[in-house]
Amino acid sequence: MKRNITTQLSYLESKLWKYLSSSEISARKTGEEKAKIKTLIADISHQTKTPIANICLYSELLSESELSEEQKDYTERISAQSDKLSFLISSLVKLSRLETGIISLSPKENLIAPMLEKIISQAQLKASAKGLQLDLICGDEKAVFDEKWTNEAIWNIVDNAIKYTERGKVSITVKNYEMFVCVEIADTGCGILEEEQARIFARFYRSEKTSSEEGVGIGLYLARQILSAQNGYIKISSEPGKGSVFSVFLSKL
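Residues numbered from 1 in each chain as written. Predicted model: local features only at pLDDT ≥ 70, side-chain atom pairs only at ≥ 80, totals over all residues. Heavy atoms only, no water.

In sheet architecture, strand pairing relies on hydrogen bonds along the backbone and comes in two forms, parallel and antiparallel. Spatial strand order, β2-β4-β5-β7-β6: 5 strands in an open sheet with mixed pairing. Either end of the sheet is taken by a strand with one partner, and the two such strands are β2 (133-137) and β6 (233-238). Each strand axis lies, on average, 15° off the axis of its neighbour in the sheet, ignoring direction. As paired strands, β2 and strand β4 (residues 169-176) are joined by 5 bridges and run parallel to one another. Across the sheet, leucine 136 pairs through a bridge with isoleucine 172, a residue of β4. The sheet strands contacting helix α3 (residues 113-129) are β2, β4 and β5 (180-187), and the helix crosses β2 at an angle near 170°. Here helix α4 (residues 147-163) sits on the sheet in contact with β4, β5, β6 and β7 (244-251), set at roughly 25° to β5. (Pairing = 2+ DSSP bridges. Helix = DSSP H or I, 4+ residues; strand = E, 2+ residues; numbered from the N terminus. Axes fitted to C-alpha atoms, helices over the stretch in contact; angles between N-to-C directions. Contact = heavy atoms within 4.5 Å.)

This is the structure:
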């Protein structure tokens, strides 16, 4: 009987040792893969930054020369596509760093108003150029969030709201709940069909209705990933022709 127990214990010890060994190997491989991804992302960021900056610079210098109308049109297109490419690469690098855990968020209790005031200041020029009113209603509400990355998430939503609103206004309203603080970004734009509302947060999704506007379809996906990583979430309420309301919920815990 003792021999059987000893044999069973040896078997269990052997199984446990194999399990721990495989877990250790798996963790080491995961660490190595993350290191490779980190190096790859750094290389992509470094190798593309200078060429894109040069293209933007040369197209700007070219636009200051005496050009025909056709040449001016080509120069403007080069500049616009360079900006689009720069934004895309920057967004993909940020997203990859988040998804692989290379960058981790550091949520802490912060006042929401200072962050939103910066976003309003940043968006004011673009809104004014389209004749849009930009409003902010916010008190002394606090939530637990990473200020840098949450700023990025909300800015992407506000930027979209301005982009797809031709007249009227974009407003940001903060509402206080027991466990969450809600930041509502409302616009008077074209609105979104109900069947599309779940898809707009997918990576690279572009609605046919908005395909004529500049964009790469990654801003809302990035915003959702950032919010999810800090126990927050985002939802939309919209009706075609009547605008949209994006509600960003930030945890108080």
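Counted under the stated rule, the structure contains 8 salt bridges. With a shortest N-O distance of 3.4 Å, lysine 130 and glutamate 166 are connected by a salt bridge. Taken together, the residues span a long stretch of sequence, with lysine 130 in the loop between α3 and β2 and glutamate 166 in the loop between α4 and β4 at a distance of 36 residues. Between lysine 175 and glutamate 184 there is a salt bridge, with the nearest N and O atoms lying 3.3 Å from each other. (Salt bridge = Lys/Arg side-chain N within 4 Å of Asp/Glu carboxyl O.)

So, about the nonpolar core. Among the nonpolar cores identified, the biggest contains 39 residues, and Ile112, Leu116, Val183, Ile185 and Phe246 are the most heavily contacted of them. Elements with a contribution of two residues or more to this core: α3, β3 (142-145), α4, β4, β5, α5 (219-228), β6 and β7. (Core = buried A, V, L, I, M, F, W, Y, C linked by side-chain atoms within 4.5 Å. Buried < 20%, exposed > 50% of the residue type's maximum accessible area, 1.4 Å probe, protein only.)

We now examine the environment of methionine 179. Tracing the chain through its elements places methionine 179 in the loop between β4 and β5. Distance in space between the C-alpha atoms of methionine 179 and alanine 143 is 9.2 Å, their sequence separation being 36 residues.

Time to look at α4. The end-to-end C-alpha separation of α4 is 24 Å, in line with the 24 Å expected for 17 residues at 1.5 Å each. Within α4, 15 of the 17 residues are buried, which leaves it mostly tucked inside the rest of the structure. Sitting at the amino-terminal end of α4 is aspartate 146, which places a side-chain oxygen 3.2 Å from the backbone nitrogen of lysine 148. (Expected span 1.5 Å × (residues − 1). Polar contact = N/O pair within 3.5 Å; in protein donor to acceptor, adjacent residues only side chain to side chain.)

Function cannot be read off these values alone, since they describe shape.
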